[in-house]
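# Analysis of the macromolecular model
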Amino acid sequence: MSIQTVGIIGAGTMGNGIAQACAVSGIQVVMVDISDAAVAKGVANVSNSLDRLVKKEKISEADKAAALGRIKGSSSYDDLKGAQLVIEAATENHELKVKILKQLDGMLAPHVIIASNTSSISITQLAAATQRADRFIGMHFFNPVPMMALVEIIRGLQTSDATHDAVHDMALALGKTPITVKNAPGFVVNRILVPMINEAFFVLGEGLAEAEAIDAGMKLGCNQPIGPLALADMIGLDVCLAVMEVYLKEFGDSKYRPSPLLKEMVAAGRLGRKTGQGVYKY
(Lines give C-alpha, C1' and ligand atoms only; values in the text may rest on other atoms or scores of the structure.)
Protein backbone atom coordinates (compact mmCIF):
# COMPACT_ATOMS: atom_id res chain seq x y z
CA MET A 1 0.00 0.00 0.00
CA SER A 2 1.25 3.47 -0.89
CA ILE A 3 0.61 5.88 1.98
CA GLN A 4 0.12 9.36 0.56
CA THR A 5 -2.18 10.88 3.19
CA VAL A 6 -1.85 10.36 6.94
CA GLY A 7 -4.50 11.22 9.48
CA ILE A 8 -3.36 12.13 13.00
CA ILE A 9 -5.56 12.15 16.08
CA GLY A 10 -4.19 14.71 18.53
CA ALA A 11 -2.49 18.05 17.85
CA GLY A 12 -0.37 18.03 21.00
CA THR A 13 3.40 17.58 21.27
CA MET A 14 3.51 14.14 19.67
CA GLY A 15 0.71 14.71 17.17
CA ASN A 16 2.06 17.95 15.74
CA GLY A 17 5.56 16.48 15.72
CA ILE A 18 4.39 13.54 13.63
CA ALA A 19 2.48 15.95 11.38
CA GLN A 20 5.62 17.99 10.80
CA ALA A 21 7.73 14.92 10.00
CA CYS A 22 5.14 13.73 7.48
CA ALA A 23 4.59 17.14 5.85
CA VAL A 24 8.31 17.85 5.46
CA SER A 25 8.65 14.46 3.74
CA GLY A 26 5.96 15.29 1.19
CA ILE A 27 3.06 13.40 2.77
CA GLN A 28 -0.36 15.04 3.06
CA VAL A 29 -1.59 15.34 6.65
CA VAL A 30 -4.98 15.74 8.28
CA MET A 31 -4.48 16.62 11.97
CA VAL A 32 -7.61 16.32 14.11
CA ASP A 33 -8.25 17.41 17.69
CA ILE A 34 -11.31 18.07 19.82
CA SER A 35 -11.47 21.81 19.17
CA ASP A 36 -10.43 24.33 16.53
CA ALA A 37 -8.32 26.09 19.17
CA ALA A 38 -6.35 22.91 19.91
CA VAL A 39 -5.81 22.33 16.19
CA ALA A 40 -4.69 25.94 15.65
CA LYS A 41 -2.23 25.64 18.52
CA GLY A 42 -0.81 22.45 17.01
CA VAL A 43 -0.37 24.03 13.58
CA ALA A 44 1.25 27.09 15.19
CA ASN A 45 3.72 24.83 17.00
CA VAL A 46 4.64 23.20 13.68
CA SER A 47 5.15 26.65 12.13
CA ASN A 48 7.39 27.73 15.01
CA SER A 49 9.40 24.52 14.77
CA LEU A 50 9.88 25.02 11.04
CA ASP A 51 10.95 28.63 11.70
CA ARG A 52 13.79 27.32 13.86
CA LEU A 53 14.90 25.03 11.05
CA VAL A 54 14.85 27.95 8.62
CA LYS A 55 17.02 30.02 10.98
CA LYS A 56 19.48 27.12 11.18
CA GLU A 57 19.39 26.93 7.36
CA LYS A 58 18.23 23.31 7.50
CA ILE A 59 15.26 24.16 5.26
CA SER A 60 14.25 27.14 3.10
CA GLU A 61 11.26 29.46 3.48
CA ALA A 62 9.79 27.73 0.43
CA ASP A 63 10.21 24.33 2.14
CA LYS A 64 8.43 25.67 5.22
CA ALA A 65 5.54 27.04 3.17
CA ALA A 66 5.21 23.77 1.24
CA ALA A 67 5.19 21.71 4.45
CA LEU A 68 2.53 23.89 6.10
CA GLY A 69 0.50 23.66 2.91
CA ARG A 70 0.36 19.88 3.30
CA ILE A 71 -1.19 20.07 6.79
CA LYS A 72 -4.95 20.38 7.09
CA GLY A 73 -6.22 21.02 10.60
CA SER A 74 -9.70 19.87 11.54
CA SER A 75 -11.99 19.11 14.46
CA SER A 76 -14.03 16.62 12.40
CA TYR A 77 -13.21 12.93 12.00
CA ASP A 78 -14.97 13.02 8.62
CA ASP A 79 -11.91 14.74 7.15
CA LEU A 80 -9.87 11.58 7.81
CA LYS A 81 -11.72 9.52 5.21
CA GLY A 82 -9.13 10.15 2.49
CA ALA A 83 -6.21 8.83 4.54
CA GLN A 84 -4.52 5.47 3.98
CA LEU A 85 -3.09 5.51 7.52
CA VAL A 86 -4.50 7.10 10.68
CA ILE A 87 -2.19 7.48 13.69
CA GLU A 88 -3.78 7.87 17.11
CA ALA A 89 -1.56 10.17 19.20
CA ALA A 90 -3.91 11.03 22.04
CA THR A 91 -3.08 11.15 25.75
CA GLU A 92 -1.66 7.92 27.20
CA ASN A 93 -4.98 6.75 28.64
CA HIS A 94 -6.34 3.31 27.78
CA GLU A 95 -10.04 4.17 27.97
CA LEU A 96 -9.61 7.29 25.84
CA LYS A 97 -7.62 5.44 23.21
CA VAL A 98 -10.19 2.65 22.97
CA LYS A 99 -12.99 5.19 22.58
CA ILE A 100 -11.10 6.93 19.75
CA LEU A 101 -10.16 3.68 18.04
CA LYS A 102 -13.73 2.37 18.05
CA GLN A 103 -14.92 5.63 16.51
CA LEU A 104 -12.24 5.47 13.82
CA ASP A 105 -12.91 1.81 13.10
CA GLY A 106 -16.57 2.49 12.50
CA MET A 107 -16.04 5.28 9.96
CA LEU A 108 -12.86 4.45 8.04
CA ALA A 109 -12.84 2.29 4.93
CA PRO A 110 -11.87 -1.35 5.62
CA HIS A 111 -8.46 -1.08 3.92
CA VAL A 112 -7.26 1.86 6.07
CA ILE A 113 -4.49 1.08 8.57
CA ILE A 114 -4.84 2.36 12.12
CA ALA A 115 -1.72 2.87 14.25
CA SER A 116 -1.29 3.93 17.87
CA ASN A 117 1.60 6.05 19.09
CA THR A 118 1.27 4.52 22.56
CA SER A 119 4.48 4.07 24.55
CA SER A 120 3.12 1.51 27.00
CA ILE A 121 -0.34 0.12 26.19
CA SER A 122 -0.68 -3.34 24.63
CA ILE A 123 -1.05 -3.18 20.86
CA THR A 124 -2.75 -6.58 20.87
CA GLN A 125 -5.29 -5.32 23.38
CA LEU A 126 -5.95 -2.08 21.49
CA ALA A 127 -6.29 -3.98 18.21
CA ALA A 128 -8.96 -6.20 19.75
CA ALA A 129 -11.12 -3.11 20.27
CA THR A 130 -11.42 -2.79 16.47
CA GLN A 131 -12.78 -4.92 13.64
CA ARG A 132 -9.48 -4.62 11.72
CA ALA A 133 -6.95 -6.18 14.10
CA ASP A 134 -4.88 -7.35 11.13
CA ARG A 135 -4.61 -3.72 9.98
CA PHE A 136 -3.69 -2.34 13.41
CA ILE A 137 -0.13 -1.65 14.55
CA GLY A 138 1.94 0.40 16.97
CA MET A 139 4.10 3.31 15.78
CA HIS A 140 6.03 4.64 18.77
CA PHE A 141 7.66 7.94 17.80
CA PHE A 142 10.10 9.64 20.17
CA ASN A 143 10.02 13.24 21.37
CA PRO A 144 10.89 15.59 19.72
CA VAL A 145 9.58 13.73 16.67
CA PRO A 146 11.20 15.92 13.97
CA MET A 147 14.66 15.39 15.49
CA MET A 148 14.56 11.81 16.80
CA ALA A 149 15.45 9.19 14.21
CA LEU A 150 13.84 6.15 15.82
CA VAL A 151 10.38 4.70 15.31
CA GLU A 152 9.45 1.52 17.18
CA ILE A 153 7.03 -0.52 15.06
CA ILE A 154 5.10 -2.84 17.34
CA ARG A 155 3.31 -5.86 15.94
CA GLY A 156 0.29 -7.09 17.82
CA LEU A 157 -0.55 -10.77 17.73
CA GLN A 158 -2.99 -10.11 14.89
CA THR A 159 -0.97 -7.60 12.80
CA SER A 160 -0.54 -8.76 9.19
CA ASP A 161 2.73 -8.73 7.25
CA ALA A 162 1.21 -6.34 4.69
CA THR A 163 0.32 -3.85 7.44
CA HIS A 164 3.79 -4.08 8.95
CA ASP A 165 5.51 -3.64 5.58
CA ALA A 166 3.41 -0.60 4.62
CA VAL A 167 4.11 1.17 7.92
CA HIS A 168 7.79 0.19 7.84
CA ASP A 169 8.15 1.69 4.36
CA MET A 170 6.32 4.82 5.44
CA ALA A 171 8.70 5.29 8.40
CA LEU A 172 11.64 5.03 5.99
CA ALA A 173 9.98 7.64 3.77
CA LEU A 174 9.98 9.99 6.77
CA GLY A 175 13.73 9.59 7.02
CA LYS A 176 13.36 7.59 10.24
CA THR A 177 15.03 4.35 11.28
CA PRO A 178 12.32 1.83 12.17
CA ILE A 179 12.90 -1.16 14.41
CA THR A 180 10.30 -3.92 14.59
CA VAL A 181 9.48 -5.29 18.04
CA LYS A 182 6.97 -7.68 19.53
CA ASN A 183 4.17 -6.53 21.79
CA ALA A 184 5.22 -6.48 25.47
CA PRO A 185 5.07 -3.89 28.29
CA GLY A 186 7.42 -1.03 27.43
CA PHE A 187 8.30 -2.62 24.09
CA VAL A 188 12.12 -2.35 23.74
CA VAL A 189 13.45 1.15 24.38
CA ASN A 190 11.40 2.02 27.45
CA ARG A 191 11.78 -1.53 28.78
CA ILE A 192 15.53 -0.87 29.01
CA LEU A 193 15.51 2.88 29.65
CA VAL A 194 13.03 3.34 32.50
CA PRO A 195 14.48 0.60 34.75
CA MET A 196 17.89 2.25 34.23
CA ILE A 197 16.40 5.55 35.39
CA ASN A 198 14.79 3.77 38.34
CA GLU A 199 18.17 2.25 39.29
CA ALA A 200 19.72 5.72 39.22
CA PHE A 201 17.15 6.76 41.85
CA PHE A 202 18.12 3.74 43.96
CA VAL A 203 21.77 4.84 43.73
CA LEU A 204 20.85 8.42 44.63
CA GLY A 205 18.60 7.31 47.48
CA GLU A 206 21.32 5.09 48.92
CA GLY A 207 23.68 8.06 48.99
CA LEU A 208 26.33 6.44 46.79
CA ALA A 209 26.86 9.72 44.91
CA GLU A 210 25.30 13.12 44.33
CA ALA A 211 22.90 13.57 41.44
CA GLU A 212 25.41 15.56 39.40
CA ALA A 213 28.03 12.85 39.84
CA ILE A 214 25.62 10.08 38.82
CA ASP A 215 24.62 11.93 35.66
CA ALA A 216 28.23 12.84 34.85
CA GLY A 217 29.26 9.23 35.32
CA MET A 218 26.69 7.94 32.84
CA LYS A 219 27.41 10.72 30.34
CA LEU A 220 31.18 10.37 30.42
CA GLY A 221 31.42 6.66 31.16
CA CYS A 222 28.66 5.40 28.89
CA ASN A 223 28.67 8.15 26.25
CA GLN A 224 25.06 9.12 26.94
CA PRO A 225 24.08 12.65 25.87
CA ILE A 226 22.12 13.23 29.08
CA GLY A 227 22.28 11.62 32.50
CA PRO A 228 19.42 9.39 33.70
CA LEU A 229 18.31 11.73 36.49
CA ALA A 230 18.21 14.79 34.23
CA LEU A 231 16.35 12.68 31.68
CA ALA A 232 13.83 11.65 34.33
CA ASP A 233 13.18 15.33 35.00
CA MET A 234 12.51 15.83 31.28
CA ILE A 235 10.19 12.81 31.02
CA GLY A 236 8.41 13.51 34.30
CA LEU A 237 9.03 11.57 37.50
CA ASP A 238 5.35 10.66 37.66
CA VAL A 239 5.57 9.10 34.20
CA CYS A 240 8.66 7.11 35.18
CA LEU A 241 6.93 5.86 38.33
CA ALA A 242 3.79 4.89 36.42
CA VAL A 243 5.82 2.89 33.90
CA MET A 244 7.68 1.01 36.65
CA GLU A 245 4.38 0.20 38.36
CA VAL A 246 3.05 -1.22 35.08
CA TYR A 247 6.16 -3.39 34.69
CA LEU A 248 5.88 -4.66 38.27
CA LYS A 249 2.22 -5.54 37.76
CA GLU A 250 2.60 -7.08 34.30
CA PHE A 251 5.81 -9.06 34.87
CA GLY A 252 5.37 -9.82 38.57
CA ASP A 253 9.14 -9.53 38.99
CA SER A 254 10.54 -7.63 41.99
CA LYS A 255 13.37 -6.24 39.87
CA TYR A 256 10.82 -3.73 38.58
CA ARG A 257 9.90 -2.37 42.02
CA PRO A 258 9.96 1.45 41.96
CA SER A 259 12.66 3.23 43.92
CA PRO A 260 11.36 4.54 47.28
CA LEU A 261 13.01 7.90 46.53
CA LEU A 262 11.21 8.11 43.19
CA LYS A 263 7.89 7.42 44.92
CA GLU A 264 8.66 9.97 47.62
CA MET A 265 9.50 12.71 45.14
CA VAL A 266 6.34 12.08 43.14
CA ALA A 267 4.31 12.22 46.36
CA ALA A 268 5.92 15.59 47.09
CA GLY A 269 4.89 16.91 43.68
CA ARG A 270 8.49 17.22 42.48
CA LEU A 271 7.84 15.86 39.01
CA GLY A 272 10.69 17.47 37.09
CA ARG A 273 10.81 20.30 34.58
CA LYS A 274 7.04 20.61 34.31
CA THR A 275 6.73 21.54 38.01
CA GLY A 276 9.98 23.50 38.25
CA GLN A 277 11.63 20.95 40.50
CA GLY A 278 12.49 17.28 40.33
CA VAL A 279 15.96 15.94 40.97
CA TYR A 280 17.13 19.41 39.92
CA LYS A 281 15.57 22.89 40.24
CA TYR A 282 14.47 24.74 37.09
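The name given to the chain in an unreviewed UniProt entry is 3-hydroxybutyryl-CoA dehydrogenase, and the organism recorded there is Limnohabitans lacus. Database annotation for the chain, UniProt heading Sequence similarities (unreviewed entry): "Belongs to the 3-hydroxyacyl-CoA dehydrogenase family."

Turning next to the pairing of strand β4 (residues 85-88). Burial along β4 is two-sided: the face carrying L85 and I87 and the face carrying V86 and E88 are both buried. When strand β1 (residues 5-9) meets β4, the two strands line up parallel, connected through 4 bridges. In the sheet register, I8 faces β4, and the bridge partner there is I87. Direction of pairing for β4 relative to strand β5 (residues 113-116): parallel, over a ladder of 4 bridges. Within the sheet, the bridge partner assigned to V86 lies in β5 and is I114.

On to the UniProt feature "domain: 3-hydroxyacyl-CoA dehydrogenase NAD binding" (unreviewed entry) in the chain. Feature annotation in UniProt assigns "domain: 3-hydroxyacyl-CoA dehydrogenase NAD binding" (unreviewed entry) to the following positions: residues 5-183. Measuring from the first to the last C-alpha atom of residues 5-183 gives 26 Å, for a span that is 41% helix and 22% strand.

The next thing to look at is a positive patch on the surface. Judged by side-chain charge, R52, K55, K56 and K58 come together as a positively charged surface patch. On the accessibility criterion, K58 (55% relative accessible area) is exposed.

Our next topic: the pattern of salt bridges. Under the counting rule described, the total for this entry stands at 9 salt bridges. Two residues, D51 and K64, come together in a salt bridge whose shortest N-O distance is 2.5 Å. Here the residue D51 occupies a position in helix α2 (residues 36-55), and K64 occupies one in helix α3 (residues 61-69), the gap between them amounting to 13 residues. Judged by relative accessible area, which is 13%, K64 ranks as buried. One salt bridge in this structure joins K274 and D238, with 2.9 Å as the shortest N-O distance. Highlighted residues: K274 in the segment after α11 (260-267) and D238 in helix α10 (residues 237-251), separated in sequence by 36 residues. Residue D238 is classed as partly exposed on the basis of its relative accessible area of 26%. When salt bridges with common partners are traced through the structure, they connect E88, E92 and K97 into a single cluster.

Time to look at the nonpolar core. Core analysis: the biggest nonpolar cluster contains 35 residues, and V6, L85, M139, F141 and M170 have the highest contact counts within it. The element best represented in this core is helix α1 (residues 13-24), accounting for 6 residues. Discounting residues that sit within four places of it in the chain, M170 has contacts with I3, V6, C22, I27, L85 and M139. Residues A83, I114, I123 and F187 belong to the second largest nonpolar core, which totals 25 residues.

Within this numbering scheme, the UniProt entry marks residues 186-282 as carrying the feature "domain: 3-hydroxyacyl-CoA dehydrogenase C-terminal" (unreviewed entry). This span, residues 186-282, is 62% helix and 0% strand, and a straight line between its end C-alpha atoms measures 28 Å.

Here we take up the layout of surface pockets. Volume-wise, the second largest pocket comes out at about 360 Å³. Lining the second largest pocket we find 19 residues, and of these Q20, S49, R52, P144 and P146 sit closest to its centre. Listed by contribution, the elements that provide at least two residues to the lining of the second largest pocket are α1 and α2. For the lining of the second largest pocket, the leading source of residues is α2, giving 7 residues. Across the lining of the second largest pocket, the residue classes tally to 7 nonpolar, 9 polar and 3 charged.

When you tally the buried positions in β1, you get 5 out of 5 residues, the bulk of the element. Side chains T5, G7 and I9 of β1 all project onto a buried face; the interleaved residues V6 and I8 project onto the opposite face, where all are buried too. Bridge count between β1 and strand β2 (residues 28-32): 5 bridges; the pairing is parallel. Note that in β2 the partner of G7 across the bridge is V30. Chirality of the crossover, the property in question, places the unit of β1, α1 and β2 among those that are right-handed.

What counts, and where the lines are drawn
- Residues numbered from 1 in each chain as written.
- Predicted model: local features only at pLDDT ≥ 70, side-chain atom pairs only at ≥ 80, totals over all residues.
- Heavy atoms only, no water.
- UniProt positions renumbered as here; feature names shortened; annotations may be inferred.
- Buried < 20%, exposed > 50% of the residue type's maximum accessible area, 1.4 Å probe, protein only.
- Helix = DSSP H or I, 4+ residues; strand = E, 2+ residues; numbered from the N terminus.
- Pairing = 2+ DSSP bridges.
- Patch = residues over 30% accessible without salt bridge, like charges linked within 9 Å, V, L, I, M, F, W, Y side chains within 5 Å.
- Areas by Shrake-Rupley, 256 points an atom, 1.4 Å probe, with all protein chains shown as cover.
- Salt bridge = Lys/Arg side-chain N within 4 Å of Asp/Glu carboxyl O.
- Lys, Arg positive; Asp, Glu negative; His and termini not counted.
- Charge placed at Lys NZ, Arg CZ, Asp CG, Glu CD.
- Core = buried A, V, L, I, M, F, W, Y, C linked by side-chain atoms within 4.5 Å.
- Contact = heavy atoms within 4.5 Å.
- 1 Å grid on protein atoms, 1.4 Å probe; cavity = no way out; pocket = protein on both sides within 12 Å on 5 of 7 lines; lining within 4 Å.
- Points joined across faces, edges and corners; volume = space filled by probe spheres on them.
- Nonpolar A, V, L, I, M, F, W, Y, C, P; charged D, E, K, R; others polar.
- Right-handed = clockwise from strand over helix to strand, strands pointing away.

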